[in-house]
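Structure assessment
Below, each chain spelled out in residue letters.
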Amino acid sequence: MSTTRTVLPAASAARHAARGGLIQITVTGVLWGTTGVAVQLLRDSTGLSPVSIGFHRLAIAALVLLACTAGRLRTIVATLRAAPVPLLLTGVGLGLYQALYFAAVAWAGVSVATIVSLGLAPVLAAAWESTRARRLPGPLRLGTLVAAVAGLVLITTATGNAGTAAPAPLIGLLAAAGSGLGYAVTTLISRQVSQRTAPMTLTTISTVVGALTLAPFAVVAGVTVPVRPDTVALLLHLGVITTAVAYALFYAGLRTTPGSVAAVLTLLEPLTAAALAVALLHEPLPLPVIVGGVLLLTAVAATYLAPDRADTR
């Protein structure tokens, strides 16, 4: 009887932790969804390239996190020395998949870049997890994945600017595929690292390494920013909210959430971006966006309602 009483609270605690991880990653997706509007406003007011904005975003996050963890710098350095390869790969991947995504947007357009990069990630992550587990995903996982990717395609194709020229569509497609592969691999690596590294430590290391990775590209593109209240506010939002806070939540959630599930939940990013575009930029709300939003929210709801059955670990 005592064994049963011990097992039940342990199982309940595990379910509670799993749902907490889902919530953390869901909030991450919503926070990331505010990036698009902020970047658009920043580009319109400063003329900065997307890569330069990405560098500023990571650099600001790194500075804020280093300031917040100043008393634990020795611990952070010791953590990096203990597992340098996965931690450095996480940071380099963070910088590179952003750079590849920005390049894909410039060469192939927003729709292609978003669909390929974000759509590939959950598929690749699910394939890798199934290969490691030596079994196919269950019907719930497959249905969730299909619904989420279909919702992504509907939202992106309806909100992307179809009239935007694609100067190098093939190269852009390859860059988007590289971004999706990088995001999937980085998510899977960071999930393993997050099991033994505190979220703040992991976020600090990854943003510092990511900023250093993007620095050469940003210097070539130009990093000068006019110091005005609006530009400072937008950069702080990108650095603090959508990066420092969002990635800390993301890495914390990865402790109990499979990488493929995390990639599905973060597809809330384009849905949030579309909602903000309608609310703040007064863009139209086409029917495909509504249908795509319903599919995405259904996928997220299915993950919440049956987290244990959706888990292939």
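Residues numbered from 1 in each chain as written. Predicted model: local features only at pLDDT ≥ 70, side-chain atom pairs only at ≥ 80, totals over all residues. Heavy atoms only, no water.

Some remarks on the overall build of the chain
What counts is decided by this rule: Only DSSP runs of H or I covering at least 4 residues are called helices, and only runs of E covering at least 2 are called strands; the numbering of each starts at the N terminus. For this measure, only C-alpha atoms enter the radius of gyration; the expected value for a globule follows 2.2 Å times N^0.38, where N is the number of residues. Here, residues are in contact when the closest pair of their heavy atoms is within 4.5 Å.
Within the chain one finds 13 helices and 0 strands. Counting from the amino terminus, helix and strand elements in the chain follow one another as α-α-α-α-α-α-α-α-α-α-α-α-α. For the chain, the C-alpha radius of gyration of 19 Å lies close to 20 Å, the compact-globule estimate for 313 residues. By principal-axis analysis of the C-alpha atoms, the chain measures approximately 70 × 50 × 35 Å. Sequence separation of at least 24 residues holds for 91% of the intrachain contacts in the chain that already meet a minimum separation of 6.

Structural notes on the pattern of salt bridges
As a reminder of what qualifies: Salt bridge, as applied in this entry: a Lys or Arg side-chain nitrogen positioned within 4 Å of an Asp or Glu carboxyl oxygen. We call a residue buried when its accessible area falls under 20% of the maximum for its residue type, exposed when it is over 50%, and partly exposed in between, using a 1.4 Å probe and counting protein chains only.
Throughout the structure, instances matching the rule amount to 1 salt bridge. In this structure, Asp230 and Arg228 form a salt bridge, with 3.2 Å as the shortest nitrogen-oxygen distance. Asp230 gets classed as partly exposed once you look at its relative accessible area, which sits at 37%.

Examining the nonpolar core
We count it as follows: Each nonpolar core is a collection of buried residues, namely Ala, Val, Leu, Ile, Met, Phe, Trp, Tyr and Cys, held together in the definition by side-chain atoms within 4.5 Å.
Within the largest apolar cluster, 49 residues are counted, with the highest numbers of intra-cluster contacts made by Phe55, Tyr183, Tyr247 and Phe250. One finds Ala38, Leu48, Ile53 and Leu235 within the second-largest nonpolar core, a separate group that totals 10 residues.

Some words on a nonpolar patch on the surface
Filter applied, for reference: Patches here: salt-bridge-free residues with over 30% relative accessible area, like charges joined within 9 Å, nonpolar side chains (Val, Leu, Ile, Met, Phe, Trp, Tyr) joined within 5 Å. A 1.4 Å probe and the Shrake-Rupley method give the accessible areas. Residues count as covered only by the protein chains that appear here.
A cluster of nonpolar side chains, Leu285, Leu287, Ile290, Val291 and Val294, forms an exposed patch at the surface whose accessible area comes to about 450 Å². With respect to the helices and strands, the residue Leu285 is situated in the loop between helix H12 (268-280) and helix H13 (287-305).

Brief notes about the confidence of the model for the chain
Under the convention used in this document: Confidence of the predictor in every single residue is expressed as pLDDT, which spans 0 to 100.
Of all residues in the chain, 90% have pLDDT values of 70 or greater, and the mean over the chain is 84. Per-element averaging of pLDDT across the chain places helix H1 (residues 2-33) at the bottom with 75 and helix H10 (residues 229-253) at the top with 94. Within the model, pLDDT remains below 50 along residues 308-313, and this stretch shows 16 contacts once partners closer than five positions in the same chain are excluded.

A few points about H13
Stated precisely, the cut-off is as follows: Take the number of residues in a helix, subtract one, and multiply by 1.5 Å to get its expected span.
Its 19 residues place the ends of H13 27 Å apart at the C-alpha level, agreeing with the 27 Å of an ideal helix rising 1.5 Å per residue. For H13, every residue scored as buried is listed here: Val289, Gly292, Gly293, Leu296, Ala299, Val300, Ala302 and Thr303.

Examining the packing of aromatic side chains
Heads up, the condition is: Two rings from Phe, Tyr or Trp (for Trp, the six-membered ring) form a pair when their centres are within 6.5 Å of each other. A pair whose planes differ by under 30 degrees is stacked, one over 60 is edge-to-face, and the rest are tilted.
Scanning all chains against the criterion turns up 6 aromatic pairs. Seen from their ring centres, Trp32 and Phe250 are 5.3 Å apart, and the 50 degrees between their planes marks the pair as tilted. One end of the pair, Trp32, is in helix H1; the other, Phe250, is in helix H10, with 218 residues separating them in the sequence. Of the two residues, Trp32 and Phe250, neither departs from the other in class, the shared state being buried. Both rings, one in Tyr247 and one in Tyr251, keep their centres 5.9 Å apart while their planes meet at 40 degrees; by these two values the pair is tilted. Pair noted here: Tyr247 and Tyr251 are both in helix H10, with a separation of 4 residues, about one helical turn. Clustering of aromatic rings is evident, with ring pairs tying together Trp32, Tyr247, Phe250 and Tyr251.

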